[in-house]
Every structure is written in structure tokens, then in C-alpha cells.
Amino acid sequence: MPRQRLPSVPQALPEPEPEPEPVPEPKQEPEQEPEQELLRLPCGCLAPPPETAGAGGHPGAGAPHEHEHARRRPAVLLAALVGVGVLVLAAFLFFRGPDPAPEAGRPAPTAPRAQVPEEDPPAAVATPGSYARSQILNSGEIRVSQWIRSAEVVPGVDLRLPDPGVTDGSIRATEVVVTAGGLPVPGAATVGARAQHYEFKETAELVHVTYSLTGAVVRSPSVPGRALAQVTSLTADGPDGPRRIDLVGDVTSAACLTGVDLAPQPCGEPDDDGQTWRVVLRGADRDAAVQAQVDLG
């Protein structure tokens, strides 16, 4: 008997397992550089922080703008320092205020007079007496260097113009500088019609005086270049001995005003050099005014 084939029953295939859904990867947030605190300078300005290391731990390995900041940093610091200096100066001027005005009744301080370099005393004052070298300039100014030696140390000296009857009040000795024993002596810078006293810091026997006589030279109205020097030096109270005056310039003659009537009398004589007229006065005539006739260039 033939085998009967049984109908085949289809077997259900197992359903495939569902594939697992892919897990999304976590998003990586871009790393943010930590904020760097700016430096505050004394002026109130903000300066950039110090340079930090870039990628790899090496300075300058960061973004290109970091290099630009690094290049600009010295200029920023320099500007900040300049700002500090300006603020300090402004504060100093503000708090100092204006210079105080001199008190009422008190004269304002004056600048010290220029000191004339000390000269060596000439042989003419090796003994007690007075020696003056008066240089008559073409401008009409007379520059005088005068030495006075006393027989003993003295505490001071009086300087005066010759007898006021000789002058018209316009003659002045200006820029007067006195030294005694090599030390500067305080006192008036001008000697006019009134005598001036100079008190020494220490007693001394040798005194040096320099000054300029102004208003002493009168030009001739009729002879061009001719002039008369009415006074050629100061007189000093105190020293004994002769008074010698060397007149330097184009001197044609000299006269001394002596006696009660102050009549001019020829005096002195030209020196061998042809540029100096030498006058020596003694005794009662030692304080006479010495005049000179000169030719000015």
C-alpha cells in the first residue's frame, strides 16, 4: 500500500529580534577658557593678565589673537605708567597750591649777586693803604677793582663816593661785592650819595671790593669822542697810608679836586705802558676826587 504523504504544516519561523536602537553619543561642549582676572594698576586702569600657555602647554600655542595681545602688551603697560606719572604730577600741583605771597611789609627775596672771582692782592697794598684799578670803557662804564689794607684787623669798612659837591647825584657804584679775609661780606649792592657800612663776619685787615661806576662819564658836546670821568673810584674810611689809583684807558690827563674850593689840580702821570695813568694821593689829599679826561672809541 502506497505511503500517503502527510500534508506538511508550515512551521512559524521565529521572529527576528529587534535591533537595539543606537545610543546617541553625549555632545561634547566646547571647552571654555577660564576667565582671567584683569590686573588693576594704581591709576585705576586695567591691564591684561599675564600670558598663559596654549595648547600643548607651551606659551604662544593658542589662537593667533593671543600673539597679537602679547605684542600689544608692552605698549599698554607703557601707557599705564605714563598715566600714573601724570596723575602723580597733577596731585602734587593740586595739593601744593600757589607760591605764598610775601608778607606785608616784608620785601620779597632777591636773587644773590654774582660773585667776582677772588684776585691776588697787588704789590701796591703790601703795606697799609688803598689801591684801585679803574678801567674806563668806551660805553662810559668804569669797572673798578679796589684793595684796602689796614694797619690792624678791623670789624668793617665804610665806602662812599668822593665829596658830594663833586657829583650831581646821578653817579652810583653798582654791583658792589665785598670780601674780607677771603670771606664774602653781606651789604648793600649800591653806593650812592650816602655812605654804606659793611660789617665783616670775622675781623680782617685786607678787604677787596669790586663795583661798576655808572653816570660818572660825561661826553663832550663839542669834541666827538672826548669825555670827562668825574669820579673814578670810591673812598674808604679807616686805612692809613697812600691811596693809589691806576686809570686804564685812553686817558689824556687827570686832575684831583683838593682844597676847600675843590679846585681841580693836575695830578698823576702816564705809566710806561701808555695805557695807564697813575695817581698817588697822601695825607690830607688822600680822599680827593680823581677825574680823568679820556677819548672814547
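Residues numbered from 1 in each chain as written. Predicted model: local features only at pLDDT ≥ 70, side-chain atom pairs only at ≥ 80, totals over all residues. Heavy atoms only, no water.

Participant: I tried to follow the side chain of Gln291 on my own but got confused; where do I start?
Facilitator: Mapped onto the elements of the fold, Gln291 is located in strand 16 (residues 289-295). In terms of polar contacts, Gln291 uses its side chain to reach the backbone carbonyl oxygen of Gln230, at 3.4 Å. (Helix = DSSP H or I, 4+ residues; strand = E, 2+ residues; numbered from the N terminus. Polar contact = N/O pair within 3.5 Å; in protein donor to acceptor, adjacent residues only side chain to side chain.)

Participant: Is there a simple way to think about the sheet that holds strand 9 (residues 226-229) in this case?
Facilitator: What holds strands together in a sheet is hydrogen bonding between their backbones, with the strands either parallel or antiparallel. If you walk across this open sheet you meet the five strands as 8-9-16-12-13, and the pairing is antiparallel. Single-partner strands in this sheet number two, and they are strand 8 (217-219) and strand 13 (263-266). Taking each pair of neighbouring strands and ignoring which way they run, the sheet shows an average axis angle of 25 degrees. As paired strands, strand 12 (residues 251-258) and strand 13 are joined by four bridges and run antiparallel to one another. By the bridge assignment for strand 13, Cys256 is matched with Gln265. (Pairing = 2+ DSSP bridges. Axes fitted to C-alpha atoms, helices over the stretch in contact; angles between N-to-C directions.)

Participant: I would appreciate a short explanation of unusual backbone geometry in the present structure.
Facilitator: Comment: phi is negative for the bulk of residues other than glycine, and the bulk of peptide bonds are trans. We note that Glu175 has phi near 55 degrees; this positive angle belongs to a residue other than glycine. Tracing the backbone through its elements, the reader meets Glu175 in strand 5 (residues 172-180).

Participant: It is not clear to me how the nonpolar core should be interpreted in this structure. Could you clarify?
Facilitator: Proteins that are soluble and globular tend to have nonpolar side chains buried together. Ranked by internal contacts, the top residues of the largest apolar core, which has 43 residues, are Leu159 and Leu213. Examining the composition of this core, we find that seven residues originate from one element, strand 7 (residues 196-214), more than from any other. Not counting residues up to four positions away in its chain, the partners in contact with Leu213 are Gly140, Glu141, Ile142, Val144, Leu161, Arg172, Ala173, Val231, Thr232 and Ser233. (Core = buried A, V, L, I, M, F, W, Y, C linked by side-chain atoms within 4.5 Å. Buried < 20%, exposed > 50% of the residue type's maximum accessible area, 1.4 Å probe, protein only. Contact = heavy atoms within 4.5 Å.)

Participant: Sorry if this is basic, but what is going on with the pairing of strand 15 (residues 276-281) here?
Facilitator: A regular strand carries its side chains on alternate faces of the sheet. Alignment of strand 11 (residues 243-248) against strand 15, held across six bridges, turns out to be antiparallel. Paired with Val248 across the bridge in strand 15 is Thr276. Alignment of strand 14 (residues 269-270) against strand 15, held across two bridges, turns out to be antiparallel. Looking across to strand 15, one finds that Pro270 is bridged to Trp277. Here strand 14 hands over to strand 15 after five residues, with Gly274 in that stretch at a positive phi of 75 degrees.

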